[in-house]
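Take a look at the letters that make up each chain.
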Amino acid sequence: MPILTSLRASIGRKLRPHREVEVNSPDGLVELAHWIERPALRLLVPPELLRMQGGFVYGAAHPFVAALMAGVDALREFYADCQPRTICDYYGIDGHGRAGSDLPPWEIPWYGRSKRTPPPGELELGAEHGVSFYGPVTEKKIDLEMRRLQKISEAITQNGYDPDAFGDIQGYILDDGTSAAFFVRGGKHRAAALTALGHSRIPVTFRSGWPRLIHSVDAGRWPLVRSGGMENTLAKAILDVYIRGRTHGRGNDGQAT
């Protein structure tokens, strides 16, 4: 490990100590959401329990993992296939006559915020180049995503992975009472690189300032539902897509695949 990386890791361990706990099931995820003691937890989670925005499971068919394993054409294919017009289109849900069915694909029903604005651009590219979790995107965006994935993968291959040096993959838990998943809200490229490299456990932490757990029983209290912007059953159906997970984008028929 390079000296600078080692120094960062050493400082990180002192400033942000964590207790690492292996998670083996959805129930284990939910239990640890209620942990109150210090040091803070770092959960070691199987990739199949992780989700990217859109409900994509971290596995061989995940768009970023597939790009690392099969090349940039896999990423280009994903963005070509997954070009939703609405939130229902994105998640493959029949929204006919339901409040909220025509909301934009980037919307999340359980988020509370003062301004419901679309995602900004990333790094040197503006929003006009598209977002990372669905298309359409420009060739510059595809190139940017591929370069980020390759750079992270190469760094992990050369130096190993120490979240105290690289930064923690962060997010929160989604639960419906029967199963659960971890929604990655920071570090999606790192999670994909670790999965592609064959890591059986991905270290993640709860994102500071965000809820640790979103449960379907509270759907009637979610901001978009309370405001009348989305029907309760539609909001819960979107959560269900995340918990069940999916492996790719959408076909031209508009159904989740």
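Keep in mind that what you see is a predicted model, and the values were worked out from it rather than measured.

S.K.: Would you mind going over unusual backbone geometry in detail, with residue names and values included?
M.R.: For the bond running from Arg38 to Pro39, omega is 5°, close enough to zero to count as cis. Within the secondary structure layout, Pro39 lies in the loop between helix H2 (26–32) and strand S2 (40–45).

S.K.: Kindly report on the packing of aromatic side chains, identifying the contributing residues and their values.
M.R.: The description of two aromatic rings rests on the distance between their centres and on the angle between their planes. Tallied over the full model, the rule gives 15 aromatic pairs. Considering the side-chain rings of Phe78 and Tyr79, the 5.2 Å spacing of their centres and the 55° angle between planes classify their relative orientation as tilted. As far as burial versus exposure is concerned, Phe78 and Tyr79 are alike and both buried. Positioned above the aromatic ring of Tyr90, the side-chain terminus of Arg246 is 5.0 Å from the ring centre.

S.K.: Any details on the pairing of strand S6 (residues 180–186)? Residues and values, ideally.
M.R.: In terms of burial, S6 is a largely internal element, 5 of the 7 residues being buried. Note that strand S3 (residues 50–52) and S6 share 2 bridges and pair parallel. Within S6, the residue paired with Arg51 across the bridge is Phe183. As judged from the 6 bridges shared by strand S5 (residues 169–175) and S6, these two strands associate in the antiparallel manner. Residue pairing across strands places Ile173 opposite Phe182, the latter belonging to S6. The turn linking S5 back onto S6 is made up of 4 residues, and Gly177 within it adopts a positive phi angle of 90°.

S.K.: Which residues make up helix H10 (residues 232–244), and what are the values?
M.R.: Taking 1.5 Å of rise per residue, the 13 residues of H10 would be expected to cover 18 Å, and the 18 Å separating its terminal C-alpha atoms lies within 8% of that figure. For H10, the set of buried residues is Leu234, Ala235, Ile238, Leu239, Val241, Tyr242 and Ile243. On its buried face, H10 is in contact with S3, helix H5 (87–91), S5, S6, strand S8 (213–215) and helix H9 (223–226). Positive phi shows up at Gly245, right after H10, with a value of about 80°.

Criteria and thresholds
Residues numbered from 1 in each chain as written. Predicted model: local features only at pLDDT ≥ 70, side-chain atom pairs only at ≥ 80, totals over all residues. Heavy atoms only, no water. Helix = DSSP H or I, 4+ residues; strand = E, 2+ residues; numbered from the N terminus. Phe/Tyr/Trp six-rings, centres within 6.5 Å; stacked < 30°, edge-to-face > 60°. Buried < 20%, exposed > 50% of the residue type's maximum accessible area, 1.4 Å probe, protein only. Lys NZ or Arg CZ within 6 Å of the ring centre and 35° of its normal. Pairing = 2+ DSSP bridges. Expected span 1.5 Å × (residues − 1). Contact = heavy atoms within 4.5 Å.

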